[in-house]
Amino acid sequence: GDSVTQMEGPVTLSEEAFLTINCTYTATGYPSLFWYVQYPGEGLQLLLKATKADDKGSNKGFEATYRKETTSFHLEKGSVQVSDSAVYFCALPGGSYIPTFGRGTSLIVHP
Amino acid sequence: DVKVTQSSRYLVKRTGEKVFLECVQDMDHENMFWYRQDPGLGLRLIYFSYDVKMKEKGDIPEGYSVSREKKERFSLILESASTNQTSMYLCASSDRDRGLYTEAFFGQGTRLTVV
């Protein structure tokens, strides 16, 4: 079945550092790929998405490229801010339309 | 702006009480989901529904039931609350017709504490 594997956290960085959160997936067909963000005490919200191979999704300075050959969708940001502290989830639409989520990666950014 | 709204942000209930968590979406989505989120365990699917009056068990349905009498509303019921059901509960919806391209929309979450 479909699955998502993402790096375990927490990831702790200083402000303005470079961020990478790794995500790999197993899926049937060629689904869209998503990154969601969850700020403390909130629900998940879509951060960015890519709908086909080699697409790059981007939002709020975050980027991720849909790599079919490596089945990866790594999240990157060139310069993180304290306000980026949150939990990040990589996700697939899933089989039978049930979304499949990674376990989440907590990011902590220090001033 | 599209919205999924959960009826409460915080709830405190006593052991043995029957608890209702309500979720409403305004996007005319067929699919609706209930998850619980616990530290270190990620999101775990409790129940989902792909149409009115339809429901399917997820990964951890024990101790829960659901109701979907109208398309926009999906309720999670804890028949007899227990302390191990203390958790963050998240409702989500998605557009079934978009299949492999569909994203999920989440409510703000309900932090339930059972004492």
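Definitions and limits used
Residues numbered from 1 in each chain as written. Chains lettered and ligands numbered in written order. Predicted model: local features only at pLDDT ≥ 70, side-chain atom pairs only at ≥ 80, totals over all residues. Heavy atoms only, no water. Pairing = 2+ DSSP bridges. Helix = DSSP H or I, 4+ residues; strand = E, 2+ residues; numbered from the N terminus. Axes fitted to C-alpha atoms, helices over the stretch in contact; angles between N-to-C directions. Contact = heavy atoms within 4.5 Å. Buried area = accessible area lost by both parts, 1.4 Å probe. Salt bridge = Lys/Arg side-chain N within 4 Å of Asp/Glu carboxyl O. Polar contact = N/O pair within 3.5 Å; in protein donor to acceptor, adjacent residues only side chain to side chain. Nonpolar A, V, L, I, M, F, W, Y, C, P; charged D, E, K, R; others polar. Core = buried A, V, L, I, M, F, W, Y, C linked by side-chain atoms within 4.5 Å. Buried < 20%, exposed > 50% of the residue type's maximum accessible area, 1.4 Å probe, protein only. pLDDT = per-residue confidence, 0-100. Disulfide = S-S within 2.5 Å.

**Topic: the sheet that holds strand β8 (residues 62-65) of chain A**
All names here are of chain A. In space, the four strands of this open sheet follow the order β3-β9-β8-β7, with antiparallel pairing throughout. Each edge of the sheet is formed by a strand with only one pairing partner; in this case those strands are β3 (19-21) and β7 (56-59). Strand-to-strand twist across the sheet, computed as the mean angle between neighbouring axes with direction ignored, equals 20 degrees. In this structure, β8 lies alongside strand β9 (residues 75-77), joined through three bridges in antiparallel fashion. Its bridge partner being in β9, alanine 64 is matched across the sheet by leucine 75.

**Quick word on the interface of chain B and chain A**
Every contact between the two is made by 25 residues of chain B and, on the other side, 20 residues of chain A. Interface area for chain B against chain A, summed over the two sides, is near 1900 Å², with a carbon-plus-sulfur share of 59%. Here A:Glu42 and B:Arg9 are joined by a salt bridge, their closest N and O atoms 3.3 Å apart. If you look at where chain B meets chain A, you find seven residue pairs in polar contact (both at pLDDT 80 or more). Every element with two or more residues in the side of chain B that touches chain A is listed here: β4 (31-38), β5 (42-49) and β9 (87-94) of chain B. The class makeup of the residues in the side of chain B that touches chain A is twelve nonpolar, nine polar and four charged.

**Things to note about the nonpolar core**
Formed by 25 residues in total, the largest nonpolar core has its most connected members in A:Leu19, A:Trp35, A:Leu47, A:Leu48, A:Phe73, A:Leu75 and A:Tyr88. Membership of the second largest hydrophobic core comes to 21 residues, among which are B:Leu21, B:Tyr64, B:Tyr89 and B:Leu112.

**Description of unusual backbone geometry**
For the peptide bond that leads from A:Gly9 to A:Pro10, omega is 0 degrees, which places it in the cis range. In this structure, A:Pro10 sits in the loop between β1 (3-6) and β2 (11-14). Despite not being glycine, B:Asp28 shows a phi value in the positive range, around 60 degrees.

**Digging into the confidence of the model for chain B**
Here chain B averages 93 in pLDDT, and 96% of its residues register 70 or above. Taken element by element, chain B is modelled with least confidence in strand β10 (residues 105-106) of chain B, mean pLDDT 94, and with most confidence in strand β8 (residues 73-78) of chain B, mean pLDDT 98.

**Details of the pattern of salt bridges**
By the definition in use, this model includes twelve salt bridges over all chains. Between B:Glu103 and A:Lys49 there is a salt bridge, with its nearest N and O atoms 2.9 Å apart. Taken together, the residues span two chains, with B:Glu103 in the loop between β9 and β10 and A:Lys49 in strand β6 (residues 44-50). The partner of A:Lys52 in a salt bridge is A:Asp55, and the shortest N-O contact between them spans 3.4 Å.

**Observations regarding the state of the cysteines**
Applying the stated criterion across every chain, the model contains two disulfides over all chains. The disulfide bridge from A:Cys23 ends at A:Cys90, spanning 1.9 Å between sulfur atoms. Because the torsion about its S-S bond is -70 degrees, the bridge between A:Cys23 and A:Cys90 counts as left-handed. With a gap of 67 residues between them, A:Cys23 in strand β4 (residues 23-26) and A:Cys90 in strand β10 (residues 86-92) connect regions that are remote in the sequence. The same class applies to A:Cys23 and to A:Cys90, which are both buried. At a sulfur-sulfur separation of 1.9 Å, the disulfide partner of B:Cys23 is B:Cys91. Sign of the S-S torsion, about -75 degrees for the bond between B:Cys23 and B:Cys91, identifies this disulfide as left-handed. A residue pair is termed long-range when its members are at least 10 positions apart, and B:Cys23 in strand β3 (residues 19-25) and B:Cys91 in strand β9 qualify at 68 residues. With respect to class, B:Cys23 is no different from B:Cys91; both count as buried.

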